[in-house]
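A closer look at the structure
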Amino acid sequence: MNDDVNLARDFDLCITTTSDAIQSWGLRTFFQWKPKYNNLDEKIMVEHPECYADGVEWAEQKKLTIPAIPTPTILIYLQWANVRGAEEKFGEKHKVWFEKIREASRPNIMDLMLGQVKGGGILSSTFDALKTIWGHGDLRNYLYVDYRKHTPMSELTRYWVYEDVREYVKPYEKRAYASNKTNLRTNGWPEYAARRLDMIINGDDKSIDVISQIQPFGGKNSMYRLGGKPELNNGCHSWRDEFTMLFILDVFYQPEDEDDRYDRKVRRVLQYQTENDASCQKGGIFCDEDRRFMFGSFAKQSDPDCGSSLDAVHEHYYDSEEKYQRLVAIKRAVDPNYVFTANLFGIDSINAPKNRQIKIIGRGHGLHGDEEVKTTHYPRPTLELSFGQSTWSYGWSLLAAGAGILTVALVYSSVSRARRTSD
């Protein structure tokens, strides 16, 4: 799809990969845990839920909707909408894409279960077990979405929204890469991306987790690209008429130490992401330039001011100096006192009052250069965990014994999302 510049704008596709969720909050609530925490995020989640989220499902009950049993997943979101209205009908030429994805992701275990669940017997029992495992009285509605059945747009839109606060209750190092290439299918990028993800998912450190999202922007008919033509002057978002693919790569980790200098885990994660950064530079396999999205802002090890100042890295977010300077002029005109400047990562924040020039720096940034991350180890006489080791008396032994516990392997073949507007 990414390489097809003539792809109809009726299609949307997104692929989300999650690694094993051993450290997810859903699993922790399965056992009797003492009130000690592996990291600050867990402490905030339990003791200050009002700060962790507001109005997001289950957050006020100190829970996330992650499966209670560790479940690596690949979620494939595919939808079609008749953007030209009632004159356009879902037909065989559209069905081909859905069938291709289903064929590539066989066996379709979820289809079998959902298609025959009303028949009772073991399938019905398994369906009930899934509800319990997923931590809900009702199974997620999106499991019922099927491209062979019309779903109104008013219903389908919400299925694209991730309802949890975050995927893992841990700190993480973020990346959101943008591509302008139309040969990703053939230049080796799929194999490259799969290999990089596999390093975490099947790696030796199970306290490190990864979330990835791959989202094509469509071909030349995509409204995202059509609406981004410079002559339309539709806004400050840059490169809209050139983007072809978004690749989000967030790596969560369990800290080893509250002092970044001695935290080997954060150094390992920083090195992993630094290696990934090479995919978006001159000669990069994903993009020949370092282009970033404002919604998915992140800092590289090589960024000046540790990536905390937008003024210092604005060329990665805006496609011309002229555009950025226009935004600076607007900022100075409507907010001369920088009332709406929260920190350094804002338009013209370098000229804001000193009490507004707040640096927000990620863990480990500024302490380890590219080479230092690879080679340096800071010895420490005693390595103490920041928030105390979480303790429990029988959790994993209970799992190991398997006394009366049925482990259900969930294989998401695909979550096909056929969408059409309401009649």
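Details of the structure are given in the entry above.
The sections below set out a description of the structure shown in this document.

Calculation criteria
Residues numbered from 1 in each chain as written. Predicted model: local features only at pLDDT ≥ 70, side-chain atom pairs only at ≥ 80, totals over all residues. Heavy atoms only, no water. Helix = DSSP H or I, 4+ residues; strand = E, 2+ residues; numbered from the N terminus. Buried < 20%, exposed > 50% of the residue type's maximum accessible area, 1.4 Å probe, protein only. Contact = heavy atoms within 4.5 Å. Disulfide = S-S within 2.5 Å. Expected span 1.5 Å × (residues − 1). Arc of directions from axis to C-beta. Axes fitted to C-alpha atoms, helices over the stretch in contact; angles between N-to-C directions. Parallel < 35°, antiparallel > 145°, perpendicular 65-115°, else oblique. Nonpolar A, V, L, I, M, F, W, Y, C, P; charged D, E, K, R; others polar. Pairing = 2+ DSSP bridges. 1 Å grid on protein atoms, 1.4 Å probe; cavity = no way out; pocket = protein on both sides within 12 Å on 5 of 7 lines; lining within 4 Å. Points joined across faces, edges and corners; volume = space filled by probe spheres on them. Phe/Tyr/Trp six-rings, centres within 6.5 Å; stacked < 30°, edge-to-face > 60°.

A few points about the overall build of the chain
- Summing up its helical and strand segments, the chain has 14 helices and seven strands in all.
- Here the chain, with 423 residues, has 47% of them falling under the buried criterion.
- When contacts within the chain are restricted to residue pairs at least 6 apart in sequence, long-range pairs at least 24 apart make up 74% of them.

Describing the state of the cysteines
- Throughout the structure, instances matching the rule amount to zero disulfides.
- The cysteine Cys280 is free of any disulfide, with Cys287 supplying the nearest cysteine sulfur at 5.5 Å.

Quick look at helix α12 (residues 321–334)
- The first and last C-alpha atoms of α12 sit 20 Å apart over 14 residues, in line with the 20 Å expected at 1.5 Å per residue.
- Within α12, burial applies to Lys323, Tyr324, Leu327, Val328 and Lys331. The buried residues of α12 occupy one face: seen down the axis, they fall within an arc of 145 degrees.
- In the core, the buried residues of α12 are packed alongside α11 (310–313).

A few points about helix α4 (residues 92–104)
- Between the first and last C-alpha of α4 there are 18 Å, a value that for 13 residues agrees with the 18 Å anticipated at 1.5 Å per step.
- Within the sequence span of α4, burial applies to His94, Phe98, Ile101 and Arg102.

Some words on the packing of helix α8 (residues 189–201) against helix α10 (residues 264–277)
- Interaxial distance between α8 and α10 falls to 12 Å at its minimum, and their mutual angle equals 180 degrees. Classified by the angle between their axes, α8 and α10 sit roughly antiparallel to one another. On α10, the residues that touch Tyr192, Arg196, Leu197, Met199 and Ile200 of α8 are Tyr272, Glu275 and Asn276.
- A class-by-class count of the residues in the contact of α8 with α10 yields five nonpolar, one polar and two charged.

What to know about the pairing of strand β6 (residues 245–252)
- For β6, the buried fraction is high: eight of the eight residues fall into the buried class.
- The two faces of β6 match: Met245, Phe247, Leu249 and Val251 on one face and Leu246, Ile248, Asp250 and Phe252 on the other face are all buried.
- Note: strand β3 (residues 172–173) against β6, two bridges, orientation antiparallel. Each bridged residue has a counterpart across the sheet, and for Glu173 the counterpart in β6 is Val251.
- Judged from the four bridges that link them, strand β4 (residues 176–179) and β6 form a sheet pairing that is antiparallel. Note on β6: the bridge partner recorded for Tyr177 is Phe247.
- Here strand β5 (residues 209–216) runs beside β6; their pairing, made up of eight bridges, is antiparallel. Bridge pairing in β6 links Ile214 to Phe247.

Things to note about empty space enclosed by the protein
- Scanning the model with the defined rule gives two cavities of 30 Å³ or more in all.
- Surrounding the second largest cavity, Tyr177, Tyr192, Ala193, Arg196, Leu197, Phe247, Leu249, Asn276 and Ser279 form its lining.
- At the level of elements, α8 and β6 are the ones that each hand at least two residues to the lining of the second largest cavity.
- Of the residues forming the lining of the second largest cavity, the biggest block, four residues, is contributed by α8.
- When grouped by side-chain class, the residues that make up the lining of the second largest cavity number six nonpolar, two polar and one charged.

With respect to the packing of aromatic side chains
- Across all of its chains, the model carries 20 aromatic pairs by this definition.
- Here the aromatic rings of Phe217 and Phe293 are separated by 5.9 Å at their centres, their planes lie at 20 degrees, and the arrangement is stacked. With a gap of 76 residues between them, Phe217 in the loop between β5 and α9 (223–226) and Phe293 in the loop between α10 and α11 connect regions that are remote in the sequence.
- Residue classification places Phe293 among the buried positions, given a relative accessible area of 7%.
- With 4.8 Å between their ring centres and 45 degrees between their planes, Phe243 and Phe293 make a pair best called tilted.

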